[in-house]
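# Overview (structure and organization)
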Amino acid sequence: MKRTVVTTLFLTLLLLSVFAADVNRVELTLPETIDRARTRSVNAAVALDKLRRAYWQHRSYRASLLPEVAFEATVPAFRKQYSVYQFESGEFGFVRNNYLDITGTLSLTQNIWATGGTLSLNTSLDYLRQLSGNRYNRFMSIPVALTLNQPLFAVNSIKWDRRIEPVRYAEAMAEFLSETEEVAMTAISYFFNLLSAREEVAIEQQNLSNAVRLHEVAKAKREMGQISGNDLLQMELNELNARSALTDAESNMRAQMFRLRSFLDYGEDVEIVTVIPGEIPEVEITYPDALDKALANNEFSHSLRRRQLEADYEVAKARGNMRRIDVFAQIGYTGAGGEAGEAYRRLKDNQVVEVGVKIPLLDWGKRRGQVKVAESNREVTRSNLRLEAQNFNQDLFILVERFNNQREQLRIAGRSDEISSRRYETNVQTYLIGKLSTLDLNDSQVKKDESRQAYFQALYLYWYYFYQLRSLTLWDYAASQPLTVDFDRVIRQ
């Protein structure tokens, strides 16, 4: 009875341990790994934060083009102090002030896109209360005033912003899509690192099993005098090397699993099992087509345009700073009285015109030099942009060639893996009947292991090149459509 109870408890604990292991075991395909990386990885979060920053910067720019309603008030300003006062005789003295001042202004302001000035419609009311001596209240109103601020000859920043900011935001959206594909590329690297490490463990386990079996066979042959002592020692050495290689492979697999687990935001108690990808996309990519899509969609093309516009803007700004004339004009009505109602009766004209001029007469060529510096910087920018465009085209051409070649490389690697595996199994059987040397057996094992890893490397490169092309062209070649997302929904996440 006691033995039955112990056996039952043992089986129960065993089943619970198996069940717990199954709960923490996660099988991941390559598409599942990429999808999780795009939503759970830190890299994806950084890309999203950059997109949000660009979005709000663009929103601020768009808001600057619209009318702005503002209320400004001082409620109140209290003064009880001495102030300097000039008497009719010309002498100065100090007089005592004790008053309360309350002001309020409501304004509607609009930037003028064509000229770079501002036009505003204002209404205001001022209240003054004398608190000592002859106490009184005074009100002053400006029921309506139209105000224009217009710089002449200066650079029109609004016009340049309207040219630069949309390009900047388009660049940010394209950059987000590219960085999303780069997250996929990183996930592919981690995925295949773990996949190769797991395969390496399986290879080393098989090698160890074969080494143990061959060592036992070698002992029997040595007792029968069929092999030399040197061959027996070689078999023992092979077994020791296989055990050492298996230990290293298991350590590497745990390290690669930790990297992928952290990248995908899994807990440390999760065991990830990577599934070998099956079918690969049947696509053929040409360089002219890839270049057209990259120039139309990639952030690089938007970056070229933005940086060129910014260089032109700096030149225009430097030229505008050579002289400056500002015009301020205000027309409207104003009134004053002892009561608020009186301040809105018997209104009078309220007109202000100011023209400010700042023209350097002698600056020893400083402003002209600033213009030349800006023009030189623009030429340097243009040269750098041409060089970057050449390098971009060259890198894209090489990538297309590598991708198209990788399909054939993958086919060759798969066939080589199959042949090497069959050759090794044949050599093991041949060695067992004494018709193959130890060196030839070891060589076939090395070739088998190298061919297997070469196949996984070829498979990894194919998928990596495929997503790298997606990141540059922002085109989904499997679905034959451009890459896009609902940016409003993504930003609201």
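Scroll up a little and you will see the structure.
My aim in this report is to walk through the structure given alongside it, one point at a time. (Residues numbered from 1 in each chain as written. Predicted model: local features only at pLDDT ≥ 70, side-chain atom pairs only at ≥ 80, totals over all residues. Heavy atoms only, no water.)

### Focus: the overall build of the chain
Along the backbone of the chain there are ten helices and ten strands. Computed over its C-alpha atoms, the radius of gyration of the chain comes to 40 Å, more than 25% above the 23 Å expected for a compact globule of 493 residues. Principal-axis analysis of the C-alpha atoms places the extent of the chain at approximately 135 × 70 × 45 Å. With 493 residues in all, the chain has 36% of them scored as buried. For the chain, the computed accessible surface area is about 29,400 Å², with 54% contributed by carbon and sulfur atoms. Computing the positive centroid from 62 side-chain charges and the negative centroid from 63, the chain places the two 6 Å apart. (Helix = DSSP H or I, 4+ residues; strand = E, 2+ residues; numbered from the N terminus. Rg over C-alpha atoms; globule rule 2.2 N^0.38 Å. Buried < 20%, exposed > 50% of the residue type's maximum accessible area, 1.4 Å probe, protein only. Areas by Shrake-Rupley, 256 points an atom, 1.4 Å probe, with all protein chains shown as cover. Lys, Arg positive; Asp, Glu negative; His and termini not counted. Charge placed at Lys NZ, Arg CZ, Asp CG, Glu CD.)

### Things to note about helix α4 (residues 157–223)
In a regular helix each residue adds 1.5 Å, so 67 residues correspond to 99 Å; α4 covers 95 Å between its end C-alpha atoms and thus fits that length. The backbone nitrogen of Ile158 has a side-chain oxygen 3.2 Å away, supplied by the residue at the start of α4, namely Asn156. A positive phi of about 75 degrees marks Gly225, the residue just after α4. (Expected span 1.5 Å × (residues − 1). Polar contact = N/O pair within 3.5 Å; in protein donor to acceptor, adjacent residues only side chain to side chain.)

### Quick word on the layout of surface pockets
Each pocket or cavity is described by its volume, and for the largest pocket that value is around 470 Å³. Contributing to the lining of the largest pocket are 22 residues, with Arg38, Phe176, Thr180, Val485 and Val490 lying nearest its centre. Breaking the lining of the largest pocket down by element, the ones donating at least two residues are α2 (30–40), α3 (42–64), α4, β10 (481–482) and α10 (487–492). By residue class, the composition of the lining of the largest pocket is ten nonpolar, five polar and seven charged. (1 Å grid on protein atoms, 1.4 Å probe; cavity = no way out; pocket = protein on both sides within 12 Å on 5 of 7 lines; lining within 4 Å. Points joined across faces, edges and corners; volume = space filled by probe spheres on them. Nonpolar A, V, L, I, M, F, W, Y, C, P; charged D, E, K, R; others polar.)

### Looking at the packing of aromatic side chains
Under the criterion given, the structure shown has 19 aromatic pairs. Judged by centre distance (5.8 Å) and plane angle (45 degrees), the rings of Trp160 and Tyr313 are tilted. Here Tyr313 lies in helix α7 (residues 299–320) and Trp160 lies in helix α4, a separation of 153 residues in the sequence. Using a relative accessible area of 8% as the deciding quantity, one classes Trp160 as buried. Residue class for Tyr313 comes out buried when judged on its relative accessible area of 16%. (Phe/Tyr/Trp six-rings, centres within 6.5 Å; stacked < 30°, edge-to-face > 60°.)

### Comments concerning the side chain of Asp476
Counting through the fold element by element, Asp476 comes out in strand β9 (residues 475–476). Once you skip the residues sitting within four places of it in the chain, Asp476 turns out to touch Arg470, Gln481 and Leu483. (Contact = heavy atoms within 4.5 Å.)

### Brief notes about the sheet that holds strand β2 (residues 68–86)
With antiparallel pairing, six strands are arranged side by side in an open sheet as β2-β3-β4-β5-β7-β8. Only two strands of the sheet have a single neighbouring strand rather than two, namely β2 and β8 (348–358). Across the sheet, the mean angle from the axis of one strand to that of its neighbour is 20 degrees, orientation sign disregarded. Of the strand pairs in this sheet, strand β4 (residues 118–130) and strand β5 (residues 137–152) are connected by eleven bridges, and their pairing is antiparallel. Considered in β5, the bridge of Tyr127 is made with Phe139. (Pairing = 2+ DSSP bridges. Axes fitted to C-alpha atoms, helices over the stretch in contact; angles between N-to-C directions.)

### With respect to the environment of Tyr344
With respect to the secondary-structure elements, Tyr344 resides in the loop between β7 (324–337) and β8. Judged by relative accessible area, which is 38%, Tyr344 ranks as partly exposed. Measuring from C-alpha to C-alpha, the distance between Tyr344 and Ser141 comes to 6.4 Å, with 203 residues separating the pair along the chain. Contacts of Tyr344, omitting those with residues within four sequence positions, involve Ser124, Leu125, Ser141 and Pro143.

### Let's talk about the packing of helix α8 (residues 366–432) against helix α9 (residues 438–473)
Running from N to C, α8 and α9 point in directions that differ by 155 degrees, and their axes come no closer than 7 Å. One finds that α8 runs roughly antiparallel with respect to α9. Judged by the sense of rotation from one axis to the other, the crossing of α8 with α9 is left-handed. Tallied by class, residues from the contact of α8 with α9 come to 21 nonpolar, twelve polar and nine charged. (Parallel < 35°, antiparallel > 145°, perpendicular 65-115°, else oblique. Left-handed = near helix turned anticlockwise from the far one by under 90°.)

### A closer look at empty space enclosed by the protein
Across all of its chains, the model carries one cavity of 30 Å³ or more by this definition. Within this model, the largest cavity holds a volume of roughly 40 Å³. Every residue lining the largest cavity is listed: Ala54, Gln57, His58, Glu165, Arg168 and Tyr169. If you list the elements that add at least two residues to the lining of the largest cavity, you get α3 and α4. Residue composition of the lining of the largest cavity, by class: two nonpolar, two polar and two charged.

### Quick notes on the environment of Phe191
Along the chain, the position of Phe191 falls in helix α4. Residue class for Phe191 comes out buried when judged on its relative accessible area of 0%. C-alpha of Phe191 to C-alpha of Ile272: the two residues are 81 residues apart in sequence and 9.8 Å apart in space. The contact partners of Phe191, leaving out residues within four places of it in the chain, are Leu28, Thr29, Leu30, Thr33, Leu260, Thr274, Val275 and Pro277.

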